[in-house]
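Listed below are the residues making up each chain.
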Number of protein chains: 2
Amino acid sequence: MSVVALAGGVGGAKLADGLMRCIGSDLTVIVNTADDFEHLGLCISPDLDTVMYTLAGIANPETGWGIAGETWHALEAIARLGGPDWFRLGDRDLATHILRTRRLRSGERLTAITADLCGALGIAARVLPMTDDRVRTVVQSGTDRLPFQDYFVRLKCAVPVTGLSFDGAASASPSAEVIAALADPALTAIVLCPSNPYLSIDPILAVPGLRAQIVEANVPVVAMSPIIGGAAVKGPAAKIMTELGVGSSVTAIARHYRGLVTGLMIDDADAHLAGEIEALGLRVRTSAILMRDGNDRARLAEECLAFVGELANKRSIGGRTPSP
Amino acid sequence: MSVVALAGGVGGAKLADGLMRCIGSDLTVIVNTADDFEHLGLCISPDLDTVMYTLAGIANPETGWGIAGETWHALEAIARLGGPDWFRLGDRDLATHILRTRRLRSGERLTAITADLCGALGIAARVLPMTDDRVRTVVQSGTDRLPFQDYFVRLKCAVPVTGLSFDGAASASPSAEVIAALADPALTAIVLCPSNPYLSIDPILAVPGLRAQIVEANVPVVAMSPIIGGAAVKGPAAKIMTELGVGSSVTAIARHYRGLVTGLMIDDADAHLAGEIEALGLRVRTSAILMRDGNDRARLAEECLAFVGELANKRSIGGRTPSP
């Protein structure tokens, strides 16, 4: 058995954690790196870090990002010295950025650095950046082109999104590790975690070849909705979907993922939309998909894997010559 | 009135602090930067930082270096992630290195960066790196050539020093600010702080033109001994002087500074050596030169300035045509 999960930050990390609790080292998480940026001379990979800290069991349970019990002495001193403090860098978190930056500048690959950091943190699953190349999400807001962290952290998403682009994606390549994970003969499923489809999953799919590899993997591809009852569990997903004119329903999620995803897990609150989604050609499973704690994560991961099993059976049944 | 002090780390910073308590912004401190190094991708200037933190009143009173009440969460996390922790970087201290590194990499001068950091810390005196160019102390130990921090911190000075060199010094230039401070018509004295003559003051004097400018400034040049009773107040000065075969007495300090310094302040414990030193052509003043607290610093700075006054009078008297 081998499962590949695609994830962005907080919500994605939670389901990845649930999956790791179920299948351990059989899980590979491919993580969005289009939110990465340079700040204070440090190379920061917010989604990779959220996934790493969550899988290591050291994530801050209140914020979802950062490290539990974190202190902010360096950032306070940076502010005192006149430096910028709008991006919250905790003292322990700084260690990750410092070590990563040093190795990136010496020419090492983000994939290798991430593997070592995960090893040091005792993470069983494999965590892979979507690419070792530079891809950067740019948020279009009217005539403004905003680097993602400017939009997300500095402006707190307070401007309307009129478009999104992923600078560098066209010339990026998936790493050999990403290609191998998706081509693994033991691959049984691909899971799109409940991350923002536009800001977290789309950049991964924008890396040339990845979308095709997912479609051609010939395994169930299951997404979990980041939208419950028309609202995002966390972050600006619903706001952005409304601003882009697609609406903020689970049906809009289904439309967005159509052609890629074979099954969608939605919340019980959205069960009335299951028919609409099935009419788009996707299988639906409803559940209580809000993850409040580790038990929720493990339970949902189990349900997700059961859903995958159903879809696989359906597919193999469907593939048989019909009985006379 | 204008006083220029040359300083290295802890001992030098203490007298510089005393001088600042006496004359405030009339003090310029020229600081050794040959101990600077790159570590974890950060540009670290240990002596500049010790001087800055001491003058800002935030230095750790126990260690002399670093910041009072410092925490070590980033360093602990670095160690957990497999990074090096032999050089002690505190959380608040990291802010200094991060901001400095970012600006140096963007091409700014260390002098300008230091001025801004000192401004943010509310330091009245001017703190100048000896040069904006790269100079690096290399410790020769037999056939080994050790970068200074390897010798000083990692090896804790536990190997014998057979020679010292200052890589890059020959092609370094003093900054315009350093040249201007020493050429200031209001300059009344130059003070060599009780820093290690070999490791802290010599690198400053190795910057082409600086020694000549000090000699030609035509003002009293007073040194305070870093040696009391044959031992260093702090650090490896006595050990190194013994290993280099010059002995660890105040007389050896006087010999080392002969031709540059017009007066030497020594401890009462070394008063019996005053004659030897005077025979070398230096004026001597004895006092209790150990600085235990801020009062000691201010008192010694006052005595130092009084000594300067005596030397200046002596010089102007000596310059007169002798009475018949």
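Residues numbered from 1 in each chain as written. Chains lettered and ligands numbered in written order. Predicted model: local features only at pLDDT ≥ 70, side-chain atom pairs only at ≥ 80, totals over all residues.

A.B. asks: Would you explain the environment of A:A176 in this entry?
C.D. replies: For A:A176, the position within the fold is in helix α7 (residues 176-183). C-alpha of A:A176 to C-alpha of A:Y198: the two residues are 22 residues apart in sequence and 25 Å apart in space. (Helix = DSSP H or I, 4+ residues; strand = E, 2+ residues; numbered from the N terminus.)

A.B. asks: Help me out: how do you make sense of the sheet that holds strand β7 (residues 144-147) of chain B in this one?
C.D. replies: Within a sheet, each strand pairs with its neighbour through backbone hydrogen bonds, oriented either parallel or antiparallel. Residue and element names in this part refer to chain B. The sheet built from three strands is open, its strands ordered β7-β6-β8 with antiparallel pairing. Strands with a single pairing partner mark the edges of an open sheet, and in this sheet they are β7 and β8 (163-167). Here the average twist between neighbouring strands, direction ignored, is 30°. When strand β6 (residues 136-141) meets β8, the two strands line up antiparallel, connected through five bridges. The partner of Q140 across the bridge, within β8, is G163. (Pairing = 2+ DSSP bridges. Axes fitted to C-alpha atoms, helices over the stretch in contact; angles between N-to-C directions.)

A.B. asks: What am I meant to see in the relation of the copies chain A and chain B here?
C.D. replies: The operation linking the two copies of the chain is a rotation about an axis combined with a translation along the axis. For the pair chain A and chain B, the best superposition has an RMSD of 0.0 Å and corresponds to a rotation of 180° with a translation of 0.0 Å parallel to the axis. What the rotation and shift describe, once combined, is the action of a two-fold rotation axis. Within chain A, the C-alpha atom positioned nearest to the axis of rotation is that of A:D91, 3.1 Å from it. Counting the interface residues of chain A, we find that 100% of their copies in chain B are interface residues as well, pointing to one common contact surface. (Least-squares fit on C-alpha atoms with pLDDT ≥ 70 in both. Contact = placed C-beta atoms within 7 Å.)

A.B. asks: Explain the interface of chain A and chain B here, please?
C.D. replies: By a widely used convention, the size of an interface equals the accessible area lost when the partners come together. Listed by partner, the interface residues are 24 residues for chain A and 24 residues for chain B. Those elements that place two or more of their residues in the side of chain A that touches chain B are α3 (73-80), α4 (91-105) and α5 (110-120) of chain A. In terms of residues, the side of chain A that touches chain B owes the most to one element, α4(A), which gives 10 residues. Here the residues of the side of chain A that touches chain B sort into 11 nonpolar, seven polar and six charged. (Nonpolar A, V, L, I, M, F, W, Y, C, P; charged D, E, K, R; others polar.)

A.B. asks: Quick question: what am I supposed to make of the packing of α4(A) against helix α3 (residues 73-80) of chain B here?
C.D. replies: Packed helices, taken two at a time, are described by the angle their axes make and the gap between the axes. Orientation of α4(A) relative to α3(B), taken along the N-to-C sense of each, is 50°, at an axis distance of 7 Å. The orientation of α4(A) relative to α3(B) falls into the category oblique. You can see that α4(A) and α3(B) cross each other, and the crossing is right-handed. On α3(B), the residues that touch A:D91, A:R92, A:L94, A:A95, A:I98 and A:L99 of α4(A) are B:H73, B:A74, B:A77 and B:I78. A per-class count over the contact of α4(A) with α3(B) returns seven nonpolar, one polar and two charged. (Parallel < 35°, antiparallel > 145°, perpendicular 65-115°, else oblique. Left-handed = near helix turned anticlockwise from the far one by under 90°.)

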